[in-house]
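Spelled out, the chains give:
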Amino acid sequence: MYQLEFRSCYDFRVDNCSFAHTKYTSSGQTPGTGRPVAVIPRGPVQYQIRVSDCCQYGVISGCVGEGSRHMFNTGHSFRAEDGSPNQQVGYLFGLSRQIKVVNCSGKNTWHAVFSTHNDSEYIEFINCMAENSGQAGYNPRHRKIRFVNCTARYCNIGFRLSELPTDIDIINCSTEGCNVDVNGLDIVQAIAGTILIEG
């Protein structure tokens, strides 16, 4: 399910790793066509780098991913084999905080290349590139998420704000060839705090 996962880790770092999973690669021959879609069954790899269960002070730098659901995401555990309930309703294992994703790139994902689930805050994406994603280049879903100098190319939506986006900063970022640059219209709950778009 994961190629590299950090669970309840403190002060960690990963540099210059490459990940590939061909299950979701695009059938198109040119950028922006034949974007990946979910395949049933989805296969064993959904997340290439995952930070979960109360991780803090981590840096992911210079990593590259292709295929899968997300190249990077924050999340929480659902695994029955480690004693986790099948569905966690109303509680989490803790928020992941102070995570930086720097100079990373991903492409040909069927969901968002870079995503945060609703259990993280103070996550920064700096100088990252998302390309040819089926849904979005970036999908901030919780609070205090920053994007600085990031680019989305040939994604369905460049920056998709969904679920609980609160205090989101999008600074000096750009999109190219995306159907929609920034979308927050499908948010289930009301946006709180501020959404800052600069540059």
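Structural notes on the sheet that holds strand 6 (residues 64-66)
- Read across the sheet, six strands follow the order 3-6-9-12-15-18 without closing on themselves; strand pairing throughout is parallel. Looking at which strands have only one partner, the edges of the open sheet turn out to be strand 3 (18-20) and strand 18 (174-176). Averaged over all neighbouring strand pairs, the angle between strand axes comes to 10 degrees, with direction disregarded.
- By the bridge criterion, three bridges tie strand 6 to strand 9 (residues 105-107) in an arrangement that is parallel. When the sheet's bridge partners are listed, glutamate 66 is paired in strand 9 with lysine 107.

Examining the confidence of the model for the protein
- On average, residues of the protein carry a pLDDT of 78, and 70% of them reach 70 or more.
- For the stretch residues 79-84, pLDDT sits under 50, and the model shows nine contacts to residues farther than four places along the chain or on other chains.
- Considering only residues more than four positions removed or in separate chains, one finds that residues 186-192, a stretch of pLDDT under 50, has 14 contacts.

Structural notes on the pattern of salt bridges
- The full count for this structure, using the stated rule, is 12 salt bridges.
- Ionic pairing is found between aspartate 15 and arginine 13, a salt bridge with its closest N-O pair at 2.9 Å.
- Residue classification places aspartate 15 among the partly exposed positions, given a relative accessible area of 35%.
- Taking the shortest distance from any N to any O, the salt bridge between lysine 144 and aspartate 167 comes out at 3.3 Å. Of the two residues, lysine 144 is situated in strand 14 (residues 143-148) and aspartate 167 in strand 17 (residues 166-171); the sequence distance between them amounts to 23 residues.
- Judged by its relative accessible area of 28%, lysine 144 falls in the partly exposed class.

Considering the packing of aromatic side chains
- Across all of its chains, the model carries nine aromatic pairs by this definition.
- For the ring pair tyrosine 10 and tyrosine 57, a centre distance of 5.5 Å and an interplane angle of 70 degrees mean the geometry is edge-to-face. Remark: tyrosine 57 occurs in strand 5 (residues 56-61) and tyrosine 10 occurs in strand 2 (residues 10-15); sequence separation between them is 47 residues.
- The class for tyrosine 10 is exposed, based on a relative accessible area of 59%.
- Assessed through its relative accessible area of 41%, tyrosine 57 is described here as partly exposed.
- For the pair phenylalanine 125 and phenylalanine 147, a centre-to-centre distance of 5.0 Å together with 10 degrees between the ring planes defines the contact as stacked. Note that phenylalanine 125 is positioned in strand 11 (residues 120-126) and phenylalanine 147 in strand 14, a separation of 22 residues in sequence.

A word on the side chain of serine 115
- Locating serine 115 in the fold gives a position in strand 10 (residues 112-116).
- At 3.0 Å, the side chain of serine 115 and the side chain of arginine 141 are in polar contact.
- Residues within four places of serine 115 in sequence aside, it is in contact with His70, Phe72, Asn73, Thr74, Asn139 and Arg141.

Reading the values: rules and limits
Residues numbered from 1 in each chain as written. Predicted model: local features only at pLDDT ≥ 70, side-chain atom pairs only at ≥ 80, totals over all residues. Heavy atoms only, no water. Pairing = 2+ DSSP bridges. Helix = DSSP H or I, 4+ residues; strand = E, 2+ residues; numbered from the N terminus. Axes fitted to C-alpha atoms, helices over the stretch in contact; angles between N-to-C directions. pLDDT = per-residue confidence, 0-100. Contact = heavy atoms within 4.5 Å. Salt bridge = Lys/Arg side-chain N within 4 Å of Asp/Glu carboxyl O. Buried < 20%, exposed > 50% of the residue type's maximum accessible area, 1.4 Å probe, protein only. Phe/Tyr/Trp six-rings, centres within 6.5 Å; stacked < 30°, edge-to-face > 60°. Polar contact = N/O pair within 3.5 Å; in protein donor to acceptor, adjacent residues only side chain to side chain.

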